[in-house]
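Coordinate inspection notes
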Amino acid sequence: MQVPLYQAKAEFFRMLGHPVRIRVLELLQHGPVPVRELLNVIEIEPSNLSQQLAVLRRSGIVISIRDGSTVSYALAGGDVADLLRAARRILTELLAGQNELLAELRHTDSSEQAGASAFPRQGV
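Structure report, in brief. Predicted model only: the values in this text are computed from it and were never measured. (Residues numbered from 1 in each chain as written. Predicted model: local features only at pLDDT ≥ 70, side-chain atom pairs only at ≥ 80, totals over all residues. Heavy atoms only, no water.)

Concerning the environment of I65
With respect to the secondary-structure elements, I65 resides in strand 2 (residues 62–67). Sequence-wise, I65 and P32 are 33 residues apart; in three dimensions their C-alpha atoms are separated by 8.1 Å. Setting aside residues up to four positions removed in sequence, I65 forms contacts with P32, T70, V71, S72 and A74. (Helix = DSSP H or I, 4+ residues; strand = E, 2+ residues; numbered from the N terminus. Contact = heavy atoms within 4.5 Å.)

The following block contains the structure:
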């Protein structure tokens, strides 16, 4: 029985749903990166990085490249880099909207405080 497309998409996004995997994909956007460099930049235990790279490799979105004793990883295609750029644009828009809301709340709050000081509370 075939998995519905929406379920396959959910599994794909679940696979992306780990901060280390996202960081690895961001670092690979500009070309292959040796594992030792990934370790230096991400600063996690080698076994943890290995586990996360295995998940990405099994999913088919990264490939490993061996050159002598050096193992590097690269994106299997450019679509993942496009997806990361789209996510960045979406997050930027969401955060900009939150900043606008926060500024409005601060402005409203300061206006209310100014209004409250103009009308001191009377003793009851």
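Alright, that's what it looks like, and here's the rest.
Quick look at the pairing of strand 2
The pairing of strand 2 with strand 3 (residues 70–75) spans 6 bridges and is antiparallel. Across the sheet, D67 pairs through a bridge with T70, a residue of strand 3. Hairpin connection from strand 2 to strand 3: 2 residues lie between these consecutive antiparallel strands, with G68 at a positive phi of about 65°. (Pairing = 2+ DSSP bridges.)

Notes on the side chain of S72
If you trace the backbone, S72 turns up in strand 3. What makes S72 buried here is its relative accessible area of 12%. Setting aside chain neighbours within four positions, we find S72 in contact with P32, V33, P34, V35, I63, S64 and I65. (Buried < 20%, exposed > 50% of the residue type's maximum accessible area, 1.4 Å probe, protein only.)

A short note on unusual backbone geometry
Glycine aside, the phi torsion of most residues is negative, and most peptide linkages are trans. The residue E43 is not glycine, and still its phi comes out positive at about 55°. Position of E43 among the secondary structure elements: in the loop between helix 3 (35–42) and helix 4 (46–59). Residue E43 is classed as exposed on the basis of its relative accessible area of 68%.

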